[in-house]
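Coordinate inspection notes
The chain contents come next:
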Amino acid sequence: MKLKFFSLLIALTTFCTSWAGTPKYIFYFIGDGMGMGHIMSTETYNRTVLGNTDPILMMQFPVASLAMTYSYSSPVTDSAAAGTALSTGHKTRNYMLGMGPDTIPVYSIAKSFKENGYGVAITTTVAPDDATPGSFYTHVPNRSMYYEIGMDMARSGYDFFAGSHLRGLKDKEGKETDLLPTLTKNGYQVAYGVDEIDKASKKVVLLAPKKSFNGYQCGYTIDSVPGALTLPQITKAALDHLTKVSPDKFFMMVEGGNIDWAAHANDGGAVVKEILNFNQAIKIAYDFYLAHPDETLIVITADHDTGGMTIGVSKGPKIVNFKNIDFQRISKDVFAERCAAQLKSKRIYRWEDAKEELTSLFGLYKEVAVSEAQDKRLQEAFDLEYVQRASRDNKTLYATFTGFAETVFDVLQHISGFGWTTNSHTGNPVPVFAVGAGSEKFSKISNNIEIPHRIADAADVEFDK
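Okay, so let's go over this structure. Please read these numbers as outputs of a predicted model, since none were measured by experiment.

**Some points on helix α2 (residues 36-48)**
The end-to-end C-alpha separation of α2 is 18 Å, in line with the 18 Å expected for 13 residues at 1.5 Å each. Looking at α2, one finds that the buried residues are Gly37, His38, Ile39, Ser41, Thr42, Glu43, Thr44, Tyr45 and Asn46. Looking at the buried positions of α2, the neighbouring elements they touch are α9 (258-264), α10 (268-291), β9 (305-306), β10 (310-311), β13 (418-419) and β15 (430-436).

So this is what it looks like as structure tokens:
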């Protein structure tokens, strides 16, 4: 009995010690649009298809809770208000960045960390002047003020930024602004790809290679775009830079922005692959944590839920089959672009041609069984779009999908067992995971505005209450 008591005492001491200390290295991961349905879909794929007995890394963290995401102006937040909540600890109106609802500026934990001598990196797979990254350094009444946001970036003094590209480099007439010269004047090297980063640079803005991928983001994992800038590459580059310029202490925000894009499209396969990519970025931080367990804090959350993703659909398969994800070779966005290009071309496009593409791109009719009713629906959608030219598009936040693309993915989602409630955001709560020094502070989160305050408290850094 005494032996068991002492064994338990040692185990509890070890457990408590793993949370002891003040973190000097803080990683703040934000999965844009990543609700619990998205995470559980990825974990289901991880378990049932990849055959892993261990859950995905974030689900192995010792602390897990939930946070509400409503904004000052709506039960359903947008990314600007949610980003402001997660960065400053203040609720604001949708579309506003780094400002309270009264337009008075509020300041982020990144600024507080910088003022306290920390190195700071703000990174994402979408544009670094987008809502979530922008909330950590800018103060504007509307998230679309890209030039002003970019100028705030140039004035921030932060050590590292990363993302797809800056939208404030040109004005509405297409003329170049003074943003790039201002960044250079303020000591930033603008690098297009990790190989272009000058190791001697003290401040870096890392952008995707000059070729544009899928609009304003770095490219979907599922599309396997050659030369695309990935979140693990970004995370490693930021970590390498911070350990060089600020080895004693740093703060890094890492956003998986493409998760949100895929969820807006209701593309379950792309969501799963994006979260696995996000997980790989987390692994880079986790390996750093293992080397510095008493000095590192990792916090993971989301700005909001996008799409209301579920496992299981009405009148769907009794047993979901996420193996179908492996037969999907392109995202819904890219497929819709192909459909739109085909509509504009003069090439004769028959149902037999389309059916062959559905097999090669998604495994439909071969690895993925299609019922008679589903086949009829696909053919009718094809005829409406390519023969009658009467199909109606579905415009979402980031993309416009042709009617045929919508039908193909609706059928594909239903066969696999992915459910969706909307192409937009929801008011669902989002998960919070934490590990490392101070992680116990995140065990009872109830509102997203609490998270930055808990991070500052853990690091013993003064932060505007």
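**Comments concerning helix α11 (residues 332-344)**
The end-to-end C-alpha distance of α11 is 19 Å, a good match for the 18 Å that 13 residues give at a rise of 1.5 Å each. Those residues of α11 not exposed but buried are Lys332, Asp333, Val334, Phe335, Ala336, Cys339 and Gln342. Of the surrounding elements, those touching the buried residues of α11 are α12 (351-362), α13 (372-387), β12 (400-401) and α14 (403-416).

**A look at the packing of α13 against α14**
In contact at an axis separation of 8 Å, α13 and α14 are set at 165° when each is read in the N-to-C sense. Overall, the two elements α13 and α14 adopt an arrangement that is roughly antiparallel. Where α13 crosses over α14, the two elements pack in a sense that is left-handed. Each of Gln374, Arg377, Leu378, Ala381, Phe382, Glu385 and Tyr386 in α13 lies in contact with α14, whose residues at this interface are Gly403, Phe404, Thr407, Val408, Asp410, Val411, His414 and Ile415. When its residues are assigned to classes, the contact of α13 with α14 shows eight nonpolar, four polar and three charged.

**A look at the pattern of salt bridges**
Counted according to the given criterion, the structure contains 16 salt bridges. Here Arg47 ties to Glu43 by a salt bridge, and the two come within 3.9 Å at their closest N and O atoms. Here the residue Arg47 and the residue Glu43 both occupy positions in helix α2, the gap between them amounting to four residues, near one helical turn. With a closest N to O distance of 3.0 Å, Asp129 and Arg167 form a salt bridge. Of this pair, Asp129 sits in the loop between β3 (119-124) and α5 (131-134) while Arg167 sits in the loop between β4 (160-163) and α7 (179-185), and the two are 38 residues apart along the sequence. Here Arg167 falls in the buried class, since its relative accessible area comes to 16%. When salt bridges that share partners are traced, they join Asp78, Asp129, Asp130, Arg143 and Arg167 into one network.

**Focus on unusual backbone geometry**
The backbone of Thr103 shows a phi angle near 70°, a positive value even though the residue is not glycine. Residue placement: Thr103 occurs in the loop between α3 (79-88) and α4 (109-115). One non-glycine residue, Ser224, lies in the positive phi region at around 50°. Relative to the assigned elements, Ser224 resides in the loop between β6 (203-207) and α8 (231-245).

**Examining the sheet that holds strand β5 (residues 188-192)**
With mixed pairing, nine strands are arranged side by side in an open sheet as β2-β15-β8-β1-β7-β3-β4-β6-β5. Pairing within the sheet leaves two strands with one partner each, and these edge strands are β2 (63-67) and β5. Averaged over all pairs of adjacent strands, the angle between strand axes in this sheet comes to 15°, irrespective of strand direction. In this sheet, β4 lies alongside β3 in parallel orientation, the contact comprising three bridges. Looking at β4, one finds that Thr123 is bridged to Ala162. Across the sheet, α8 lies against β1 (25-31), β3, β4, β6 and β7 (250-256), angled at about 170° from β7, the strand it touches most.

**Describing the side chain of Gln217**
Relative to the helices and strands, Gln217 is located in the loop between β6 and α8. Residue classification places Gln217 among the buried residues on the basis of a relative accessible area of 1%. Among the polar contacts made by the side chain of Gln217, one reaches the main-chain amide nitrogen of Gly219 at a distance of 2.5 Å. Within the structure, Gln217 has its side chain in polar contact with the side chain of Asn258 (distance 3.2 Å).

**Remarks on the environment of Ala82**
Assignment of secondary structure puts Ala82 in helix α3. Since its relative accessible area comes to 0%, Ala82 is described here as buried. Aside from chain neighbours lying at most four places away, what touches Ala82 is Thr77, Asp303 and His304.

Rules of the game
Residues numbered from 1 in each chain as written. Predicted model: local features only at pLDDT ≥ 70, side-chain atom pairs only at ≥ 80, totals over all residues. Heavy atoms only, no water. Helix = DSSP H or I, 4+ residues; strand = E, 2+ residues; numbered from the N terminus. Expected span 1.5 Å × (residues − 1). Buried < 20%, exposed > 50% of the residue type's maximum accessible area, 1.4 Å probe, protein only. Contact = heavy atoms within 4.5 Å. Axes fitted to C-alpha atoms, helices over the stretch in contact; angles between N-to-C directions. Parallel < 35°, antiparallel > 145°, perpendicular 65-115°, else oblique. Left-handed = near helix turned anticlockwise from the far one by under 90°. Nonpolar A, V, L, I, M, F, W, Y, C, P; charged D, E, K, R; others polar. Salt bridge = Lys/Arg side-chain N within 4 Å of Asp/Glu carboxyl O. Pairing = 2+ DSSP bridges. Polar contact = N/O pair within 3.5 Å; in protein donor to acceptor, adjacent residues only side chain to side chain.

Function cannot be read off these values alone, since they describe shape.
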